[in-house]
Amino acid sequence: MHKVEANEQCIEFKGMGSDTPVYEIGRMGHLTFVDVYTGHIIIFGGQICADIYQTKSQRCLANDILIFDHEANRIVEQVVFNQSVVASRCYQCGFKINESIFVFGGMNNNG
């Protein structure tokens, strides 16, 4: 296990061939927490639920963190990680302690 510093290991979000940001499209198999200090909902990873992002042989998996402000009803931040640091995955488990998120297991496109 290693610690990821978001400001050093992130990549700029790329639209993946669509004008609609990924965070505006549904996802499943993601990890979700409520940050008790801010009240924001934190979403990690998962499978993007849209035909434009799928192929017959692979799922489109996310390796991002979305921070959702439910009172404002909007995403306030998106952090996308480099694949070599945090691999895309869905159906993982995990937990949050203070400012750290621990993620275990899950599936990628190889199973």
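None of the values given here were measured: they were computed from a predicted structure.

S.K.: Explain the overall build of the protein to me, please; I cannot follow it from the model alone.
M.R.: Within the protein, the secondary structure is distributed over one helix and eight strands. Counting from the amino terminus, the protein carries its helices and strands in the arrangement α-β-β-β-β-β-β-β-β. A buried classification covers 35% of the 111 residues belonging to the protein. A sequence separation of at least 24 residues applies to 48% of the contacts in the protein between residues at least 6 apart. For the protein, the accessible area works out to roughly 7,200 Å², and carbon and sulfur atoms hold 51% of it.

S.K.: Looking at this structure, I do not really get the pattern of salt bridges. What am I missing?
M.R.: For side chains bearing opposite charge, pairing can occur when the charged atoms are close. The full count for this structure, using the stated rule, is one salt bridge. For Arg27, the salt bridge identified is with Asp64, shortest N-O distance 2.8 Å. Residue Arg27 is found in strand β2 (residues 27-28), and its partner Asp64 is found in strand β5 (residues 61-69); the two are separated by 37 residues along the sequence.

S.K.: Please clarify how the packing of aromatic side chains should be interpreted in this entry.
M.R.: Under the criterion given, the structure shown has two aromatic pairs. Centroid distance Phe95 to Phe102: 5.1 Å. Interplanar angle 25°. Geometry classified as stacked. Phe102 gets classed as partly exposed once you look at its relative accessible area, which sits at 24%. Between Phe95 and Phe104 the ring centres are 5.9 Å apart and the planes differ by 25°, which places this aromatic pair in the stacked class. In this structure Phe95 comes out as partly exposed when scored by relative accessible area, which is 37%. A residue is classified by how much of its surface remains accessible, and Phe104, at 36% relative accessible area, is partly exposed.

S.K.: It is not clear to me how the environment of Glu71 should be interpreted in this structure. Could you clarify?
M.R.: Structurally, Glu71 is set in the loop between β5 and β6 (74-81). Remark: the alpha-carbon pair of Glu71 and Gly39, spanning 32 residues in sequence, is separated by 8.9 Å.

S.K.: Help me understand the side chain of Arg27, please; the structure alone is not making it clear to me.
M.R.: We classify Arg27 as buried; its relative accessible area is 13%. Within the structure, Arg27 has its side chain in polar contact with the backbone oxygen of Gly45 (distance 2.9 Å). A polar contact of 2.8 Å, which involves the side chain of Arg27, links it to the side chain of Asp64.

S.K.: I tried to follow unusual backbone geometry on my own but got confused; where do I start?
M.R.: Generally, phi is negative for residues other than glycine and the peptide bonds are trans, each holding for most cases. Of note, the phi angle at Asn73 is positive, near 55°, even though the residue is not glycine. Its place among the elements puts Asn73 in the loop between β5 and β6. Taking relative accessible area as the criterion, Asn73 reaches 60% and is therefore assigned exposed. The backbone of Asn98 shows a phi angle near 55°, a positive value even though the residue is not glycine. Mapped onto the elements of the fold, Asn98 is located in the loop between β7 (93-97) and β8 (100-104). Owing to a relative accessible area of 52%, Asn98 belongs among the exposed residues under this scheme.

The rules we used
- Residues numbered from 1 in each chain as written.
- Predicted model: local features only at pLDDT ≥ 70, side-chain atom pairs only at ≥ 80, totals over all residues.
- Heavy atoms only, no water.
- Helix = DSSP H or I, 4+ residues; strand = E, 2+ residues; numbered from the N terminus.
- Buried < 20%, exposed > 50% of the residue type's maximum accessible area, 1.4 Å probe, protein only.
- Contact = heavy atoms within 4.5 Å.
- Areas by Shrake-Rupley, 256 points an atom, 1.4 Å probe, with all protein chains shown as cover.
- Salt bridge = Lys/Arg side-chain N within 4 Å of Asp/Glu carboxyl O.
- Phe/Tyr/Trp six-rings, centres within 6.5 Å; stacked < 30°, edge-to-face > 60°.
- Polar contact = N/O pair within 3.5 Å; in protein donor to acceptor, adjacent residues only side chain to side chain.

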